Amino acid sequence: MRFAIGDSDFLLDGEPHRVLSGAIHYFRVHPDLWQDRIRKAKLMGLNTIETYVAWNAHAPRPGVFDLTGGLDLGRFLDLVAAEGMHAIVRPGPYICAEWSNGGLPYWLFADGTVGVRRNEPGFLAAVQEYLEHLAPVLVPRQIDQGGPIVLVQVENEYGAYGSDASYLRALEEMHRAIGLTVPFTSVDQPMDSMLEDGSLPSLHKTGSFGSRSTERLARLRQAQPTGPLMCSEFWDGWFDSWGEHHHTTPASASASDLDDLLAAGGSVNIYMFHGGSNFGFTNGANDKGVYRPIATSYDYDAPLDEAGRPTAKFHAFRAVIERYAPVPPLPESMREGGSGRLESYDRSSGREARVAPATDLAVRLDRVASLRSLLPTLADWSTHDEPPTFDALGAASGFVLYRTEVDLPDGGVLTVGTEVRDRAVVSVDGVVVGVLEREHHDRAIALPPVTGTLELLVEDQGRVDYGPRIGEPKGLIGGVAVDGVPLARWSAAPLALDPIAPAAIDQLAALAPTDGDVLAGPVLAAGSFDLRSTEDRYLSLDGFRKGVAWVNGFCLGRYWSRGPQQTLAVPGPVLRAGRNEVVVFELHASASRTVCMLLEPDLGYTEA
């Protein structure tokens with residue numbers, strides 16, 4: 001088969017074809033759930049699945065490229081093809097996506113010599129190597145070779161960042177050189193000069209917007225007089241940041257804008273069809289004068305919610321799509337009021353049918369250990385004259401503990417030279433004395449009298465994914481001083497938390513249960529619970545303040561009492577019939593030792 005760009009339409013084997021696509025990021029969805037999400041996209045009337053490729057997820061360290069498990073992009077694309085659907089792939093190299101560092105590997109910029117998103121030899125050489133790793137996955141899965149891929153995007157909203165045509169030409173040539181033959185696209189917002197700045201005549205321009213479709217398409221047509229009109233990011237919702245409100249858009253309004261887009265003859269990629277979750281420490285952040293880390297949930301108010309169930313938007317969008325294209329019959333379970341589960345998914349996953357009605361479960365965290373006591377299992381120390389960055393330590397994300405000995409009989413004022421990236425819990429002799437937060441531009445804190453150990457537990461809350469601060473290092477930037485005198489002779493250790501070190505799990509498991517209700521952090525606490533069936537669940541941490549949670553060793557991500565999200569999604573494939581384990585790393589304190597495994601999310605989002 002052949003897919004091409006005609007004078008007014010996409011052409012599939014020479015016939016006009018409308019792309020009806022939905023975004024599913026394979027790296028935000030448990031791989032055992034990919035087929036379920038793809039099939040539900042088809043049931044909404046879509047004929048195509050779009051995904052970014054997260055370079056930094058595949059290449060966590062130099063010389064490593066992982067295409068296994070949840071990063072098996074080839075398997076994801078094969079599942080798309082098995083449903084009789086097409087695929088749009090957006091390798092970047094920059095993807096934004098509210099993903100850590102916009103998908104760019106942190107190590108690429110560790111020495112400060114490699115350029116970011118520009119025609120610079122070091123950056124382009126790394127991109128070349130990246131694309132060569134992707135070639136065996138993408139090239140044989142193009143439509144003209146019997147695969148599902150019909151379009152490939154070069155860069156991502158580059159017009160909002162720069163206007164270097166030589167950089168875009170170099171990327172285009174690299175994509176072609178590895179054997180990609182399908183049409184190439186670019187995407188930018190149809191405003192100002194972004195469409196012109198972010199593309200080339202040889203790249204088919206598409207737009208990104210979520211409202212005023214007729215107006216946006218007119219601007220796109222102005223920038224590109226011929227060829228099919230396409231919104232390749234139709235924003236049907238938005239992402240959430242910690243401490244802000246939960247973003248929603250009315251289903252009726254989004255459906256109306258979608259109707260306008262399709263009535264104009266446009267093709268579409270719905271961003272997102274299913275958002276999923278920022279598991280582990282994968283969330284990004286924005287910094288437009290104030291640093292704002294992205295929440296763990298990437299629900300996006302999408303047609304499928306975080307647990308893969310149809311929302312009001314699913315049904316509203318399906319009703320619009322069926323005016324323009326045939327839609328398959330909807331199973332009873334996917335209709336309004338249904339369970340949202342597909343029988344075929346239950347069979348393919350090998351799960352046993354429920355043997356008894358499932359219920360919410362309260363889990364007591366009865367095994368408790370301070371972070372300090374577990375450090376031998378979590379930390380690998382190194383010594384430095386000054387506090388090293390996360391990047392210098394080879395830490396992509398998570399937490400680094402910095403430690404030095406001080407003699408301050410009168411106390412003093414501790415100051416970080418340039419910036420805390422991103423949050424530091426400050427302790428003296430194991431007693432927390434305060435917190436420094438990048439979001440508040442904190443750089444100084446008063447220390448009490450101490451002759452002993454000063455520690456700063458620094459959390460990378462998400463690498464900036466958009467704008468000029470992409471690629472910046474993490475840690476205590478600019479050194480640390482007390483009363484203007486620099487502190488030297490530091491020890492530093494990244495904490496082994498994603499995945500959590502097995503030795504730490506073993507040590508927690510061996511502890512005797514203890515009584516009490518409150519937890520004083522930094523502390524790790526563990527508890528067990530039994531299940532007879534393994535439905536998707538939600539972990540509620542009511543009464544806890546801030547930290548990270550795991551179930552059966554799988555890192556669910558960060559929680560924070562400031563909201564807006566109140567529960568962490570637990571994919572069903574992470575659970576098992578029989579005994580399960582939950583571990584919580586609480587940074588500060590909890591009024592309770594009980595967490596709940598819920599069947600439904602707590603939708604009482606907090607408001608900022």
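About the criteria used
- Residues numbered from 1 in each chain as written.
- Predicted model: local features only at pLDDT ≥ 70, side-chain atom pairs only at ≥ 80, totals over all residues.
- Heavy atoms only, no water.
- Helix = DSSP H or I, 4+ residues; strand = E, 2+ residues; numbered from the N terminus.
- Rg over C-alpha atoms; globule rule 2.2 N^0.38 Å.
- Contact = heavy atoms within 4.5 Å.
- Areas by Shrake-Rupley, 256 points an atom, 1.4 Å probe, with all protein chains shown as cover.
- Lys, Arg positive; Asp, Glu negative; His and termini not counted.
- Charge placed at Lys NZ, Arg CZ, Asp CG, Glu CD.
- Pairing = 2+ DSSP bridges.
- Axes fitted to C-alpha atoms, helices over the stretch in contact; angles between N-to-C directions.
- Buried < 20%, exposed > 50% of the residue type's maximum accessible area, 1.4 Å probe, protein only.
- Salt bridge = Lys/Arg side-chain N within 4 Å of Asp/Glu carboxyl O.
- Phe/Tyr/Trp six-rings, centres within 6.5 Å; stacked < 30°, edge-to-face > 60°.
- Parallel < 35°, antiparallel > 145°, perpendicular 65-115°, else oblique.
- Left-handed = near helix turned anticlockwise from the far one by under 90°.
- Nonpolar A, V, L, I, M, F, W, Y, C, P; charged D, E, K, R; others polar.

Chemist: Residue-level account of the overall build of the chain, with values.
Modeler: Assigned secondary structure in the chain consists of 13 helices and 37 strands. Taking 608 residues into account, the globule formula puts the C-alpha radius of gyration at 25 Å, and the chain, at 25 Å, falls close to it. If you take every contact in the chain between residues at least 6 apart in sequence, the share linking residues at least 24 apart comes to 78%. For the chain, the exposed surface amounts to about 22,200 Å²; the carbon and sulfur share of it is 51%. Across the chain, 52 positive and 79 negative side-chain charges occur, with their mean positions spaced 3 Å apart.

Chemist: Explain the sheet that holds strand β16 (residues 382-384) to me, using residue names and the numbers behind them.
Modeler: Taken in spatial order, the six strands make up an open sheet running β16-β28-β17-β23-β20-β21, and their pairing is antiparallel. Only two strands of the sheet have a single partner each, and these edge strands are β16 and β21 (431-437). Between one strand axis and the next, the sheet turns by 25° as a mean value, whatever way the strands run. In this structure, strand β17 (residues 398-408) lies alongside strand β23 (residues 450-460), joined through 11 bridges in antiparallel fashion. Bridge pairing in β23 places V406 opposite G452. Against the sheet, helix α11 (residues 371-378) engages β17, β23 and β28 (490-494), with an angle of about 65° to β23.

Chemist: A description of unusual backbone geometry should follow, citing residues and the corresponding values.
Modeler: Residues R421 and D422 are joined by a peptide bond in cis, for which omega reads 15°. Mapped onto the elements, D422 comes out in the loop between β19 (419-421) and β20 (423-428). Here the amide bond leading from G521 into P522 is cis, since omega sits at 0°, within 30 degrees of zero. Along the chain, P522 falls in the loop between β29 (519-520) and β30 (523-531). Look at D192: it is not a glycine, yet its phi comes out positive at around 50°. Relative to the helices and strands, D192 resides in the loop between β8 (184-188) and α6 (194-197).

Chemist: Tell me what's going on with the side chain of K313, and back it up with residues and numbers.
Modeler: Locating K313 in the fold gives a position in helix α9 (residues 312-321). A relative accessible area of 3% means that K313 is categorised as buried. Leave out the neighbours within four places in its chain, and K313 touches D236, G237, T249, P250, A251, S254, D301 and P303.

Chemist: So what's going on with the pairing of strand β31 (residues 537-540)? Residues and values would help.
Modeler: Taking every second residue as pointing to the same face, both faces of β31 are buried, with R537 and L539 on one and Y538 and S540 on the other. Inspection of the sheet shows β31 paired to strand β34 (residues 567-570) by four bridges, in the antiparallel sense. Within the sheet, the bridge partner assigned to Y538 lies in β34 and is A569. As judged from the three bridges shared by β31 and strand β37 (residues 594-598), these two strands associate in the antiparallel manner. Its bridge partner being in β37, Y538 is matched across the sheet by L598.

Chemist: Tell me what's going on with the sheet that holds strand β27 (residues 485-486), and back it up with residues and numbers.
Modeler: Strand order in this open sheet of four strands is β22-β18-β26-β27, and the pairing throughout is antiparallel. At either margin of the open sheet sits one strand with a lone partner, and together these are β22 (444-447) and β27. Sheet topology places strand β18 (residues 412-416) next to strand β26 (residues 480-482); three bridges connect them, and they run antiparallel. Residue pairing for β26: L414 is matched across the bridge by V482.

Chemist: So what's going on with the pattern of salt bridges? Residues and values would help.
Modeler: By the definition in use, this model includes 37 salt bridges. For R469, the salt bridge identified is with D287, shortest N-O distance 3.2 Å. Linking R469 in the loop between β24 (463-464) and β25 (475-477) with D287 in strand β12 (residues 284-287), this pair joins segments that are 182 residues apart in sequence. By relative accessible area, D287 is classed as buried at 12%. Its salt-bridge partner being E419, residue R469 comes within 2.6 Å of it at the nearest N-O pair. Of this pair, R469 sits in the loop between β24 and β25 while E419 sits in strand β19, and the two are 50 residues apart along the sequence. Relative accessible area serves as the criterion here: at 14%, E419 is assigned to the buried category. By sharing partners, the salt bridges in this structure join D287, E419, R421, D422, R438, D460, R469, E472 and K474 into a single network.

Chemist: Please give an account of the packing of aromatic side chains that cites residues and values.
Modeler: Two numbers describe a pair of aromatic rings. These are the distance of the centres and the angle of the planes. Summed over the entire model, instances satisfying the criterion amount to 24 aromatic pairs. Between F109 and F123, the ring centres sit 6.5 Å apart and the planes meet at 20°, which makes this aromatic pair stacked. Highlighted residues: F109 in the loop between β6 (86-90) and α4 (121-138) and F123 in helix α4, separated in sequence by 14 residues. Judged on exposure class, the residue F109 and its partner F123 are both buried. An angle of 55° between the planes, with centres 6.1 Å apart, marks the rings of W242 and W560 as tilted. Residue W242 is located in the loop between β10 (230-235) and α8 (251-263), and its partner W560 is located in strand β33 (residues 554-560); the two are separated by 318 residues in the primary sequence. The two residues W242 and W560 agree in class, both being buried.

Chemist: Lay out the packing of α4 against helix α5 (residues 165-177) in plain terms, naming residues and giving numbers.
Modeler: Remark: α4 packs on α5, axes separated minimally by 10 Å, with the N-to-C direction vectors making an angle of 25°. The orientation of α4 with respect to α5, classified from their angle, is roughly parallel. As for the relative orientation of α4 and α5, their crossing is right-handed in sense. Residue-level contacts link F123, L124, V127, Q128 and L131 of α4 to Y167, A170, L171, M174 and H175 of α5.

Chemist: Which residues make up the packing of helix α1 (residues 34-43) against helix α3 (residues 73-82), and what values do they have?
Modeler: Put simply, α1 and α3 touch, their axes get as near as 10 Å, and they point 35° apart. Crossing of α1 over α3 shows right-handed handedness. Facing α1, whose interface residues are W34, Q35 and I38, α3 presents R75, F76, L79 and V80. In the contact of α1 with α3, the residues fall into five nonpolar, one polar and one charged.

Chemist: Tell me about the environment of V89, and please be specific about residues and values.
Modeler: Counting through the fold element by element, V89 comes out in strand β6. Distance from V89 to Q566, taken between C-alpha atoms, is 33 Å for residues 477 residues apart in sequence. Not counting the four nearest positions on each side in its chain, V89 is found in contact with T51, V53, L77, L138, I149, L151, V152 and Q153.

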